[in-house]
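Breakdown of the fold
Listed below are the residues making up each chain.
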Amino acid sequence: MSSVPSSHSDLVGALYRDHRGWLLAWLRRNVACPQRAEDLSQDTFVRLLGRGELTAPREPRAFLVAIAKGLLFDYFRRAALEQAYLTELMLIPEAEHPSVEEQQLILEDLKQIDRLLGKLSSKARTAFLYNRIDGLSHAEIAERLGVSVPRVRQYLAQGLKQCYIALYGEPT
């Protein structure tokens, strides 16, 4: 870094000034769409601005790539979710399709649910979906995941907590 920043925003500003071009080039090599690369680059720095505390990283480029990779992973996961929804939509008769506006609302809801469940471990997320979408019992989920029934209950409680937070905010 070129200087020692005095505040959080100064540090983010210095990271932006010194490494944005490099990060953007890295993203362009990893994303087919240049506009998406631009968005992800900006989102990386917005994410940094949203952090409560930030210390100057020893390896700023590795630090920025780690954040960008997380955003990239989220982008691809959400794109796959959207594609799965559109594929399922094609299976129902056109006369029963929701309106374009309703489709957008449904997609936004699906993305919100994905963000919500993305805060869970993969096993907790899978257990929650097995229970809520597939209607599996605790014992069936435990067998599929290779865990105990009490562990399944913990996973489901984590999922329900995320739902509560999404609806009402953090419990006090």
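Computed from a predicted structure; not experimentally measured.

**A look at the layout of surface pockets**
If you add up the space inside the largest pocket, you get close to 300 Å³. As for the largest pocket, its lining consists of 13 residues, of which Arg36, Asp43, Asp74, Tyr75 and Arg78 are closest to the centre. Elements with a minimum of two residues in the lining of the largest pocket: α2 (34-50), α3 (60-90) and α4 (100-117). Of the residues in the lining of the largest pocket, the class split is four nonpolar, no polar and nine charged.

**Some words on helix α6 (residues 138-145)**
Of the positions making up α6, those classed as buried are Ile141, Ala142 and Leu145. For α6, the buried positions fall inside an angular range of 100° around the axis, keeping them on one side. Of the exposed residues in α6, those oriented more than 90 degrees away from the buried face are Glu143 and Arg144. Residues of α6 that are buried sit in contact with α5 (122-132) and α7 (149-168).

**With respect to the packing of aromatic side chains**
Applying the stated criterion to the full structure yields three aromatic pairs. Taking the centre distance of 4.9 Å and the plane angle of 80° together, the rings of Tyr16 and Phe45 count as edge-to-face. Taken as a pair, Tyr16 in helix α1 (residues 8-30) and Phe45 in helix α2 lie far apart in primary sequence, 29 residues in all. A residue is classified by how much of its surface remains accessible, and Tyr16, at 33% relative accessible area, is partly exposed. Of note, Arg144 hangs over the ring of Tyr130, and the distance from its end group to the ring centre comes to 5.0 Å.

**What about the UniProt feature "domain: RNA polymerase sigma-70 region" (unreviewed entry) in the protein?**
The UniProt record marks residues 15-80 with the feature "domain: RNA polymerase sigma-70 region" (unreviewed entry), using the residue numbering of this structure. Taken end to end, residues 15-80 is 82% helix and 0% strand, and its two terminal C-alpha atoms sit 31 Å from one another.

**Structural notes on the nonpolar core**
Across soluble globular proteins, nonpolar side chains show a tendency to be buried alongside one another. Counting residues in each nonpolar core, the largest one holds 20 residues, and the members touching the most others are Leu23, Leu27, Phe45, Leu48 and Phe63. Taken together, the elements giving at least two residues each to this core come down to α1, α2 and α3. If sequence neighbours within four positions are ignored, Leu48 has contacts with His8, Val12, Leu15, Leu54, Phe63, Leu64 and Ile67. Of all hydrophobic cores here, the second largest spans 13 residues; its members include Leu116, Ile141, Ala142 and Leu145.

What counts as what
- Residues numbered from 1 in each chain as written.
- Predicted model: local features only at pLDDT ≥ 70, side-chain atom pairs only at ≥ 80, totals over all residues.
- Heavy atoms only, no water.
- 1 Å grid on protein atoms, 1.4 Å probe; cavity = no way out; pocket = protein on both sides within 12 Å on 5 of 7 lines; lining within 4 Å.
- Points joined across faces, edges and corners; volume = space filled by probe spheres on them.
- Helix = DSSP H or I, 4+ residues; strand = E, 2+ residues; numbered from the N terminus.
- Nonpolar A, V, L, I, M, F, W, Y, C, P; charged D, E, K, R; others polar.
- Buried < 20%, exposed > 50% of the residue type's maximum accessible area, 1.4 Å probe, protein only.
- Arc of directions from axis to C-beta.
- Contact = heavy atoms within 4.5 Å.
- Phe/Tyr/Trp six-rings, centres within 6.5 Å; stacked < 30°, edge-to-face > 60°.
- Lys NZ or Arg CZ within 6 Å of the ring centre and 35° of its normal.
- UniProt positions renumbered as here; feature names shortened; annotations may be inferred.
- Core = buried A, V, L, I, M, F, W, Y, C linked by side-chain atoms within 4.5 Å.

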